[in-house]
Amino acid sequence: MTPRPSSTAFTARHEALLEALARYRFLTIPLAVRLGVGDRSRVRESLAELETRRLVNVARREKSLGKPYVFTLSARGAALLEEWAAEGGETRTVPVRKSPVRVGAGLDQKLCTVSALMALDAWAAREGASVGRVVAEYDPHPQGLLQAATAVEFEGVKYTADALAQIRAPDGEEWLFALEVETGGIEGRIDNFRAHLPARLEVFSSDVLDNALGWPETNRAARCLFIFDTADLLAAAQRLVAGSKGDVWRKVLLNTLPNVERDFAAGWWRADGTAGSLFR
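Residues numbered from 1 in each chain as written. Predicted model: local features only at pLDDT ≥ 70, side-chain atom pairs only at ≥ 80, totals over all residues. Heavy atoms only, no water.

## Regarding the overall build of the protein chain
Let me state the cut-off plainly: Runs of H or I in DSSP of at least four residues are treated as helices and runs of E of at least two as strands, each being numbered from the N terminus. Only C-alpha atoms enter the radius of gyration, while the globule expectation follows 2.2 Å times N to the 0.38, with N the number of residues. Buried means the residue's accessible area, taken with a 1.4 Å probe over protein chains only, is under 20% of the maximum for its type, while exposed means over 50%, and partly exposed covers the values in between. The contact definition used throughout considers only heavy atoms, calling two residues in contact when any of these lie within 4.5 Å. Residue exposure ignores everything except the shown protein chains as possible cover, and the areas themselves are Shrake-Rupley values with a 1.4 Å probe. Neither His nor the chain ends is counted toward charge; the positive residues are Lys and Arg and the negative residues Asp and Glu. Just so you know, the charge point we use is NZ for Lys, CZ for Arg, CG for Asp and CD for Glu.
Across its full length, the protein chain carries nine helices and 11 strands. For the protein chain, the C-alpha radius of gyration of 19 Å lies close to 19 Å, the compact-globule estimate for 280 residues. Over its C-alpha atoms, taken along the principal directions, the protein chain stretches across nearly 60 × 45 × 35 Å. Looking at the protein chain residue by residue over its 280 residues, the buried ones come to 45%. Excluding contacts between residues fewer than 6 apart, the proportion of contacts in the protein chain whose partners are at least 24 apart in sequence is 62%. Split by element, the accessible area of the protein chain, about 14000 Å² in all, is 49% carbon and sulfur. Here the protein chain holds 36 positive side-chain charges and 36 negative ones, and the gap between their average locations is 4 Å.

Rendered as C-alpha cells:
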C-alpha cells in the first residue's frame, strides 16, 4: 500500500483497521485477526496506538466475563479517512456512531452480525461474487433519521432486519437477503426467534422488503436468512419449523454462524428438510 501524504505516520495495518471499522462499525481483536491484518499481538498493539491517537473508541467489558473489548471508529478517525480520500481526489463521507457503545447482550448480537457480514465479504472475494449495498441495523441512518438503518415499510407493514445485503452471484444473478442473527440471549433459547417468526413470515409472504426497496420483479424474491450463534440453537429452531408448508418457506433459510464463517453460501437448511447452497 502506497502511503497517502498525511498517512506517513501510519502503517498499512493502521489503515486497514480504520477501513474495517468504517465498513463493519464494530471490531474485536479476534474479528480483526480474521481480516488478515496481523496476529493478535500486532493487532492489539495497532488498535492501542489508534486509541491513543483518539481515532478509535473502546468499550471495555468485564474481563471476568471472558469477552473481548469492542472497538469503534471515532469522529476523528472518520475525519482522517475523509481527509485521505480528499488527498486522492475523492469526496467521501464516513458516518460514525453518535452515542457510546452500550455493553450487554445486544452488543454480542451486533458482533455476530459483523462476523456474518465479514464472512459474506470473504466468500464473495474468494468466489468472484459482487457485494452491492450492505446495511446493518446499527449503521447510522443515511437520512439521519432516529430509526434503524434497515427499517422499511410498505402498505403499513414495517420490518427491520439485522442486516440487508444485495449480492451478484458468480453466475451473474442478483439476490436480495435479509439477515436475522439469533444469539439465544442470556439463556441460550430460541424465544426471540419464535416470538418474531409470524411477523417475519408475513413480511416475506407479502414481499414487503422487495416492494419497499424497489427490487425488480424480474429478480428472485428476497430471502430471509436466519443465522444462529450455535448448532444447538439451530437444532431447536429446526424442530420448531420442520415440515412447515407454504410458498413463503422457499424464501426462508437457516444456518449456524460457524458454518457461515467457513462458507457463507453453503449448508443452508429449509423447513422441508433439505440443505445446500444459498443460491437455489
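## Thoughts on the packing of aromatic side chains
We apply this condition: Aromatic pairs are defined between Phe, Tyr and Trp rings, using the six-membered ring for Trp, whenever the two ring centres lie within 6.5 Å; interplanar angles under 30 degrees are classed as stacked, those over 60 as edge-to-face, and all others as tilted.
Within the structure shown, the criterion is met by 11 aromatic pairs. Here F193 and F228 contribute two aromatic rings whose centre-to-centre distance is 5.3 Å and whose plane-to-plane angle is 70°, an arrangement assigned as edge-to-face. Separated by 35 residues along the polypeptide, F193 in helix 6 (residues 191-205) and F228 in strand 8 (residues 223-228) bring together distant segments of the chain. Per residue, the accessibility class of F193 equals that of F228, and both read buried. Members of the aromatic cluster, joined through ring pairs, are W123, W175, F177 and F279.

## Regarding the state of the cysteines
How we decide: Criterion for a disulfide: a pair of cysteine sulfur atoms within 2.5 Å.
Summed over all chains, the structure comprises zero disulfides. Left unpaired, C112 is separated from the closest cysteine sulfur, that of C224, by 16 Å. For C224, a relative accessible area of 1% gives the class buried.

## A look at the environment of G273
Relative to the helices and strands, G273 is located in the loop between strand 10 (268-269) and strand 11 (275-276). Assessed through its relative accessible area of 47%, G273 is described here as partly exposed. Distance from G273 to V241, taken between C-alpha atoms, is 9.8 Å for residues 32 residues apart in sequence.

## A short note on the pattern of salt bridges
Which entries qualify depends on this criterion: The term salt bridge refers to a side-chain nitrogen of Lys or Arg lying within 4 Å of a carboxyl oxygen of Asp or Glu.
Evaluation of the coordinates by the stated rule reveals 18 salt bridges. The shortest N-O distance in the salt bridge between E180 and R200 comes to 3.0 Å. Separated by 20 residues along the polypeptide, E180 in strand 7 (residues 174-182) and R200 in helix 6 bring together distant segments of the chain. The class for E180 is buried, based on a relative accessible area of 0%. With relative accessibility at 12%, the residue R200 sits in the buried group. A salt bridge links R200 to E182, with the nearest nitrogen and oxygen atoms 3.0 Å apart.

## Some remarks on the environment of V241
Relative to the helices and strands, V241 is located in helix 8 (residues 231-241). Spatially, the C-alpha atom of V241 lies 37 Å from that of T72, the residues being 169 residues apart in sequence. Excluding residues that lie within four positions of it along the chain, V241 makes contacts with F193, L197, W249, W269 and A271.

## Quick word on helix 8
Each α-helix winds once per 3.6 residues, and so residues spaced three or four apart point in a common direction. Taken together, the buried positions of helix 8 are L233, L234, A236, A237, Q238 and V241. On its buried side, helix 8 packs onto strand 7, helix 6, strand 8, strand 9 (252-256) and strand 10.

## Topic: empty space enclosed by the protein
Test applied: The method works on a 1 Å grid over the protein atoms by themselves. A cavity is a set of points holding a 1.4 Å probe that cannot get out, a pocket is an open set with protein on both sides within 12 Å along at least five of seven lines, and residues with an atom within 4 Å of a point line them. Grid points are joined across faces, edges and corners, and a volume is the space filled by probe spheres set on the points. Lys, Arg, Asp and Glu make up the charged group, whereas Ala, Val, Leu, Ile, Met, Phe, Trp, Tyr, Cys and Pro make up the nonpolar group; the residues left over, Gly among them, are polar.
Evaluation of the coordinates by the stated rule reveals one cavity of 30 Å³ or more. There is about 50 Å³ of room inside the largest cavity. Contributing to the lining of the largest cavity are L21, R25, T72, L73, P95, V96, R97 and P140. Of the residues that constitute the lining of the largest cavity, the class distribution is five nonpolar, one polar and two charged.

## Quick notes on the pairing of strand 4 (residues 151-154)
For a regular strand, side-chain orientation follows a simple rule: the groups alternate between the two sheet faces. Filter applied, for reference: Strand pairing is defined by DSSP finding a minimum of two bridges between the two strands.
Here strand 4 pairs with strand 5 (residues 157-160) via four bridges, running antiparallel. Looking at the pairing, F154 lines up with V157 of strand 5. With antiparallel pairing between neighbouring strands as the criterion, strand 4 and strand 5 make up a hairpin whose turn holds two residues, including E155 at a positive phi of roughly 50°.

## Let's talk about the layout of surface pockets
In this structure, the largest pocket occupies an estimated 630 Å³ of space. The wall of the largest pocket is formed by 24 residues, among which K98, S99, Y138, D139 and P140 lie closest to the centre. Of the residues belonging to the lining of the largest pocket, the class tally is 13 nonpolar, five polar and six charged. Within this model, the second largest pocket holds a volume of roughly 330 Å³. What lines the second largest pocket is a set of 17 residues, and nearest its centre among them are R23, R25, V134, V135 and D139.

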